[in-house]
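An overview of the molecular structure
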Amino acid sequence: MSEKLDEMDIFASSTNSILNEMRKRVEDLVEETSRQRQRAAENEQELTRVKQDFESLKSYVSSLVGVRQTLVSSEKQFQTIEKLFERLVVKNTQLESEKVQKEAEVQKVMDGFAITIFGS
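The structure contained in this document is the topic of the report that follows. (Residues numbered from 1 in each chain as written. Predicted model: local features only at pLDDT ≥ 70, side-chain atom pairs only at ≥ 80, totals over all residues. Heavy atoms only, no water.)

A short note on the overall build of the chain
- In terms of regular secondary structure, the chain is built from 1 helix and 0 strands.
- A compact globule built from 120 residues should have a C-alpha radius of gyration of about 14 Å, whereas the chain, at 51 Å, is more than 25% larger.
- C-alpha extents for the chain along the principal axes are approximately 175 × 15 × 10 Å.
- Within the span of the chain, comprising 120 residues, buried residues form 0% of the whole.
- Carbon and sulfur atoms form 60% of the exposed surface of the chain, whose accessible area is close to 11500 Å².
- Between the centroid of the 18 positive side chains of the chain and the centroid of its 22 negative side chains there is a distance of 9 Å. (Helix = DSSP H or I, 4+ residues; strand = E, 2+ residues; numbered from the N terminus. Rg over C-alpha atoms; globule rule 2.2 N^0.38 Å. Buried < 20%, exposed > 50% of the residue type's maximum accessible area, 1.4 Å probe, protein only. Areas by Shrake-Rupley, 256 points an atom, 1.4 Å probe, with all protein chains shown as cover. Lys, Arg positive; Asp, Glu negative; His and termini not counted. Charge placed at Lys NZ, Arg CZ, Asp CG, Glu CD.)

Given below as structure tokens:
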């Protein structure tokens, strides 16, 4: 009987040892799971921050594209204004020339008229 008790004691002891080992493994797994959950929460926060940064950058790029389009449009308008100004300068020069010509013609007519009236 004593042998049987010794065997049962050895069996109980080894079973207890196995149970302690399993308990330690479970505790380690629980700790690792907790760490992984913490990392997952941190990663989620980082992902949220990155998404916000991305949206901010996207908005900034959209603003820059809008500014660029405005600048391109303004450049085209400026070029059109320059062309119109050049045409105005040419037309103004032409009109000034015609004015000088007309004034000379008027002066000739007036000189001829004065000679006709006073010179005869």
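And the narrative resumes.
Observations concerning the pattern of salt bridges
- Taken as a whole and assessed by the stated rule, the structure comprises 8 salt bridges.
- Glu-31 is the partner of Arg-35 in a salt bridge, and the nearest nitrogen-oxygen pair spans 4.0 Å. With Arg-35 and Glu-31 both in helix H1 (residues 2-118), this residue pair falls 4 residues apart, about one helical turn.
- Here Arg-35 falls in the partly exposed class, since its relative accessible area comes to 43%.
- When the shortest N-O distance is used, the salt bridge between Glu-55 and Lys-58 registers 3.7 Å. (Salt bridge = Lys/Arg side-chain N within 4 Å of Asp/Glu carboxyl O.)

Observations concerning a negative patch on the surface
- Negative charge collects at one region of the surface, where Glu-3, Asp-6, Glu-7 and Asp-9 lie side by side.
- Positionally, Glu-7 belongs in helix H1. (Patch = residues over 30% accessible without salt bridge, like charges linked within 9 Å, V, L, I, M, F, W, Y side chains within 5 Å.)

Let's talk about a nonpolar patch on the surface
- On the surface, Tyr-60, Val-61, Leu-64 and Val-65 cluster together to form a nonpolar patch covering roughly 380 Å² of accessible area.
- As for its position among the elements, Leu-64 is in helix H1.

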